[in-house]
Amino acid sequence: MAKSKAEQAFSATLVSGGLYKRNQGRLVRQLTAIGLVAISIFGAYSLYNVLPLGMSAGMQKGIAVAIVVISAWLAYRVVNFPRFADFLISVEAEISKVTWATWDQLWRSTTVVIVLMFFLAFLLLAFDIFWQWLFRLIRFLQI
């Protein structure tokens, strides 16, 4: 069966070394690649810890390092795949349009949320105590 154009484009991109739109969305693409590599490092470390005990230490380390190297190459290529790179470039463009809160607004909003959460927790506690008292009074709860 013949490969589709998308499969051929992905295969060609996977083995190429070039960068797609080199200066656009650099930060978000770099951070995405770092995140993917970090996940592969944690996965390789977890795998290293559960590999069979009969295997030599060098073999265990070699497998873990090979997984990290292959994952790093795949992460580098994935963030330069045209469709995904265009998505990341547009994400960075949209994030740059966001109006971020000032520290003063952040502290005030956080304080309001925390106070409201404690208020609601105490309100639910009061309702719970009231309903337990009422159900025990009418002998609905036999404890």
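What you see is a predicted model; the values in this text were computed from it and never measured. (Residues numbered from 1 in each chain as written. Predicted model: local features only at pLDDT ≥ 70, side-chain atom pairs only at ≥ 80, totals over all residues. Heavy atoms only, no water.)

Section: the packing of helix 2 (residues 26-50) against helix 3 (residues 57-78)
Consideration 1: Running from amino to carboxyl end, helix 2 crosses helix 3 at an angle of 160 degrees, the nearest separation of the two axes being 9 Å. Considered as vectors, helix 2 and helix 3 are oriented roughly antiparallel to each other. Of the two possible hands of crossing, helix 2 and helix 3 adopt the one that is right-handed. Counting all contacts with helix 2, which are made through Ala33, Leu36, Val37, Ser40, Ile41, Ala44, Leu47 and Tyr48, the residues of helix 3 involved are Gln60, Lys61, Ile63, Ala64, Ile67, Val68, Ser71, Ala72 and Ala75.
Consideration 2: Class assignment for the residues of the contact of helix 2 with helix 3 results in 13 nonpolar, 3 polar and 1 charged. (Axes fitted to C-alpha atoms, helices over the stretch in contact; angles between N-to-C directions. Helix = DSSP H or I, 4+ residues; strand = E, 2+ residues; numbered from the N terminus. Parallel < 35°, antiparallel > 145°, perpendicular 65-115°, else oblique. Left-handed = near helix turned anticlockwise from the far one by under 90°. Contact = heavy atoms within 4.5 Å. Nonpolar A, V, L, I, M, F, W, Y, C, P; charged D, E, K, R; others polar.)

Some remarks on the pattern of salt bridges
For side chains bearing opposite charge, pairing can occur when the charged atoms are close.
Consideration 1: Applying the stated criterion across every chain yields a total of 2 salt bridges.
Consideration 2: A salt bridge links Glu94 to Lys97, with the shortest nitrogen-to-oxygen separation between them at 3.3 Å.
Consideration 3: A relative accessible area of 48% places Glu94 in the partly exposed class.
Consideration 4: With a shortest N-O distance of 3.4 Å, Asp104 and Arg108 are connected by a salt bridge. Highlighted residues: Asp104 and Arg108, both in helix 5 (residues 103-137), separated by 4 residues, approximately one helical turn. (Salt bridge = Lys/Arg side-chain N within 4 Å of Asp/Glu carboxyl O. Buried < 20%, exposed > 50% of the residue type's maximum accessible area, 1.4 Å probe, protein only.)

Some thoughts on the packing of helix 2 against helix 4 (residues 82-96)
Consideration 1: Running from amino to carboxyl end, helix 2 crosses helix 4 at an angle of 120 degrees, the nearest separation of the two axes being 8 Å. In this view, helix 2 runs oblique relative to helix 4, as classed from their interaxial angle. In this structure, helix 2 crosses over helix 4, and the sense of that crossing is right-handed. Seen from helix 2, the contacting residues are Arg26, Leu27, Val28, Arg29 and Thr32; seen from helix 4, they are Phe84, Ala85, Leu88 and Glu92.
Consideration 2: Tallied by class, residues from the contact of helix 2 with helix 4 come to 5 nonpolar, 1 polar and 3 charged.

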